[in-house]
Amino acid sequence: MTITATTEQTDFFKDAISVTSALRSPVVLVREILAGLVTALALIPEVISFSFITGVDPKVALIASVVLGLVMSVLGGRTAMVTAAAGSIALVVGPMVKLHGVGYILPAIILAGAIQIAFGVAGLARLMRFVPRSVMIGFVNALGILIFAAQVPHVLNVPWLVYPLFALSVAIILIMPRFTEAVPAPLVAIVVVTAIVMIGHLVVPNVGGEGSMAPGLPGITPILVPLNLQTLEIIWPTALSIAFVGLLETLLTAKLVDDLTDSKSNKSRESWALGIANIAAGFYGGVAGCAMIGQTVVNVKIGRARTRLSTVVAALVLLLLVTSLSGLMAQIPMVALAAVMMIVALKTINWHSVMPATLKRMPVPETIVMLVTVAITVATGNLALGVAAGVLLAMVLFARRVAHVIRAERTLSADGLSVRYDVHGPLFFGSSNDLVERFSYAIDPKRVAIDLTHSQIWDASTVAALDSIETKYRDRGATVVFSGLDQRSSAFHERLTGQLPA
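Reading guide: rules and limits
Residues numbered from 1 in each chain as written. Predicted model: local features only at pLDDT ≥ 70, side-chain atom pairs only at ≥ 80, totals over all residues. Heavy atoms only, no water. Helix = DSSP H or I, 4+ residues; strand = E, 2+ residues; numbered from the N terminus. Buried < 20%, exposed > 50% of the residue type's maximum accessible area, 1.4 Å probe, protein only. Contact = heavy atoms within 4.5 Å. Areas by Shrake-Rupley, 256 points an atom, 1.4 Å probe, with all protein chains shown as cover. Core = buried A, V, L, I, M, F, W, Y, C linked by side-chain atoms within 4.5 Å. Pairing = 2+ DSSP bridges. Axes fitted to C-alpha atoms, helices over the stretch in contact; angles between N-to-C directions. Expected span 1.5 Å × (residues − 1). Patch = residues over 30% accessible without salt bridge, like charges linked within 9 Å, V, L, I, M, F, W, Y side chains within 5 Å. Salt bridge = Lys/Arg side-chain N within 4 Å of Asp/Glu carboxyl O. Polar contact = N/O pair within 3.5 Å; in protein donor to acceptor, adjacent residues only side chain to side chain. Parallel < 35°, antiparallel > 145°, perpendicular 65-115°, else oblique. Nonpolar A, V, L, I, M, F, W, Y, C, P; charged D, E, K, R; others polar. Phe/Tyr/Trp six-rings, centres within 6.5 Å; stacked < 30°, edge-to-face > 60°.

Quick word on the overall build of the chain
Phase 1: When its secondary structure is counted, the chain shows 20 helices and six strands.
Phase 2: In terms of overall dimensions, the chain has a C-alpha envelope of 100 × 60 × 55 Å along the principal axes.
Phase 3: Here the chain holds 502 residues, and 51% of them are scored as buried.
Phase 4: Contacts in the chain between residues far apart in sequence, at least 24 positions, make up 83% of those at least 6 positions apart.
Phase 5: Within the structure as shown, the chain displays about 23100 Å² of accessible surface, and the carbon and sulfur contribution to it stands at 67%.

Listed below in structure tokens is the structure:
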């Protein structure tokens, strides 16, 4: 009997082998642990900052990030990708909380998680292949800008001591890798600057000033609102936004990590795993999350992590900081974390895409799509809007470009009694209107042959256009014969011709 493994089973065995290999190699194990450690520290400022947007306690958001990190480390389809309570999710949850209160967050997360699970199980993650490269680059550049902008308040209107500490942090992050990469430079920068502040008793803004850092863990999040149609009416728009914003950012980040590591991820598995993780985080933590591109860049690009160990370590270190070491975490200077994230933001942006030489070579529509994606994402702070606008614009520009490549070559017979048209190019709603105008109805003879060997019919608009062409010739007493259609196009044409309203 032959047993065929599913994709999920194959991925599981591959992951198990990579983790086992890491545990057996001291060098790889240390690399994964250090990457997870610096990633955990990089998570703190963003998770805390966006907890205020959501309207929940910072510790709640940090615990939710621990749950998200652990669940996705085990179930996720993209190794080494960091998942936590994210700003993009906070932005869509915030308005609902302001209108109706925090009690509706948990039901919204449960519904959002169910949608994500259904999305993954149905295999709809394959739709990500339709996101154009220009939109992907715009997404990455916009996130780089947003990450950088989120850190700016930590270096403005602050005590003067912050600036030399900021300069020292940046210097360590940039210079240290030239001498050694055994230990992540951002980790060294955070440790050194924290030590200077603690030993020197310097008064600078720290993590403790961002919110309550009392030790301990929250309990299970209770459902505080009735589960009825009125609640569903309140939560469903927010739940849809949580689900699809989370999926969008997660799947695009997975695609980025695929490129950075030259490896493949299982995006369907990543989708349903995110749903499970969000439901778990909702019940124990109280907020939802998705992939964090900045912290993922820290883990994969700076920490050079490649296995699930790094994200497990990140989650466990974050848990340790929130509980036993909350006092130490509270003393970490925000400037050190801000310096790390600013460098990460600058590394996240695809600078090659905005170089004058690149822009000069790139087709103008591609550049426009990239810039529109960046502009809308940065202006609204909503990744879903930016990417959706970019994809929509790319589709319109593509359809417009393809619509004008259609051509019909006219050949008159030697005796002048018949004419032949050879049609080239894809026939769809964008090009079919142009096709109608490519024929010389008034001067053509009574016998017209239209050869579609080099074309294919893709929609009902094209069938309607061909019917219109035939009608125009018939009104002038001419007969039209269509030929050359492939089997699919021919069957499609036969099914609809003469059945469509004029």
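There's more to say after this.
Topic: the nonpolar core
Phase 1: Core analysis: the largest hydrophobic core is formed by 110 residues, its most contacted members being Ile 44 and Phe 139.
Phase 2: If we skip the residues at most four places from it in the chain, Ile 44 touches Leu 62, Val 207, Leu 318, Leu 321, Met 329 and Leu 337.
Phase 3: Counting 24 residues, the second-largest nonpolar core is a separate cluster that includes Ile 406, Val 423, Ile 457 and Phe 492.

A look at the sheet that holds strand β5 (residues 447-454)
Phase 1: Strand order across the open sheet formed by four strands is β3-β4-β5-β6, with mixed pairing between neighbours. This sheet does not close on itself; its edge strands, each paired only once, are β3 (407-412) and β6 (479-483). Strand-to-strand twist across the sheet, computed as the mean angle between neighbouring axes with direction ignored, equals 20 degrees.
Phase 2: Bridging between β3 and strand β4 (residues 418-424) involves six bridges; their strand directions are antiparallel. Following the sheet pairing, Leu 412 is matched in β4 by Val 419.

Considerations on helix α16 (residues 364-380)
Phase 1: For α16, with 17 residues, the first-to-last C-alpha span of 24 Å sits near the 24 Å given by 1.5 Å per residue.
Phase 2: In this structure, the buried residues of α16 make contact with α6 (133-151), α15 (356-361) and α17 (383-403).
Phase 3: Among the residues trailing α16, Gly 381 stands out with phi positive, at a value near 70 degrees.

Some points on unusual backbone geometry
Phase 1: Phi angles above zero are rare outside glycine, and His 201 is one such case at about 55 degrees.
Phase 2: Phi is positive for Arg 304, which is not a glycine, with a value near 60 degrees.
Phase 3: The topology assignment puts Arg 304 in the loop between α11 (293-302) and α12 (308-322).
Phase 4: On the basis of relative accessibility, which here comes to 31%, the residue Arg 304 falls in the partly exposed class.

Re a nonpolar patch on the surface
Phase 1: Together, Leu 229, Leu 232, Trp 236, Leu 240 and Phe 244 give the surface a local cluster of nonpolar side chains, amounting to about 500 Å² of exposed area.
Phase 2: By secondary structure assignment, the location of Phe 244 is in helix α9 (residues 229-261).

Thoughts on the side chain of Asp 451
Phase 1: Looking at where Asp 451 falls in the secondary structure, it is placed in strand β5.
Phase 2: A polar contact is formed between the side chain of Asp 451 and the side chain of Thr 453, at a distance of 2.5 Å.
Phase 3: In this structure, Asp 451 is in contact with Arg 420, Tyr 421, Asp 422, Val 423, Ser 483 and Gly 484, ignoring residues within four places of it in sequence.

As for the pattern of salt bridges
Phase 1: As enumerated under the stated definition, the model contains seven salt bridges in all.
Phase 2: Of the charged contacts in the structure, one is a salt bridge between Asp 258 and Arg 78, with a shortest N-O distance of 2.7 Å. Of this pair, Asp 258 sits in helix α9 while Arg 78 sits in the loop between α3 (58-75) and β1 (83-84); the two residues are 180 residues apart in sequence, bridging distant segments of the chain.
Phase 3: Of the charged contacts in the structure, one is a salt bridge between Asp 422 and Arg 420, with a shortest N-O distance of 3.3 Å.
Phase 4: Overall, the relative accessible area of 37% leaves Arg 420 in the partly exposed class.
Phase 5: Beyond isolated ion pairs, a larger network of salt bridges with shared partners links Arg 78, Asp 258 and Lys 267.

With respect to the packing of α6 against α9
Phase 1: One way to put it is that α6 packs onto α9 with a least axis distance of 11 Å and a crossing angle of 100 degrees. With respect to their mutual orientation, α6 and α9 come out roughly perpendicular. Touching Met 136, Phe 139, Val 140 and Leu 143 of α6 are Glu 249, Leu 252, Thr 253, Lys 255 and Leu 256, all from α9.
Phase 2: Of the residues contributing to the contact of α6 with α9, the split by class is six nonpolar, one polar and two charged.

Comments concerning the packing of aromatic side chains
Phase 1: Scanning the entire structure with this criterion turns up six aromatic pairs.
Phase 2: Between Phe 428 and Phe 429 the ring centres are 5.2 Å apart and the planes differ by 85 degrees, which places this aromatic pair in the edge-to-face class.
Phase 3: You can call Phe 428 buried: its relative accessible area is 12%.
Phase 4: Given a relative accessible area of 53%, Phe 429 falls into the exposed group.

Structural notes on helix α8 (residues 185-200)
Phase 1: For α8, which comprises 16 residues, the first-to-last C-alpha distance of 22 Å matches the rise-based estimate of 22 Å (1.5 Å per residue) to within 8%.
Phase 2: Residues of α8 that are buried include every one of Ala 185, Pro 186, Leu 187, Ala 189, Ile 190, Val 193, Thr 194 and Val 197, and no others.
Phase 3: Two residues or fewer after α8 comes His 201, characterised by a positive phi angle close to 55 degrees.

Concerning the environment of Gly 69
Phase 1: Note that Gly 69 resides in helix α3.
Phase 2: The spatial distance from the C-alpha of Gly 69 to the C-alpha of Ile 33 is 15 Å, given a sequence separation of 36 residues.
Phase 3: Those residues in contact with Gly 69 that sit more than four places away from it in its chain are Thr 83, Thr 311 and Ala 315.

A closer look at the side chain of Thr 377
Phase 1: With respect to the element layout, Thr 377 can be found in helix α16.
Phase 2: Take Thr 377: its relative accessible area is 0%, and that puts it in the buried class.
Phase 3: Looking at Thr 377, its side chain comes within polar contact range of the main-chain oxygen of Thr 373, at 2.7 Å.
Phase 4: For Thr 377, the residues in contact, after removing those within four places along its chain, are Ala 142, Leu 146, Asn 382, Leu 383, Gly 386 and Val 387.

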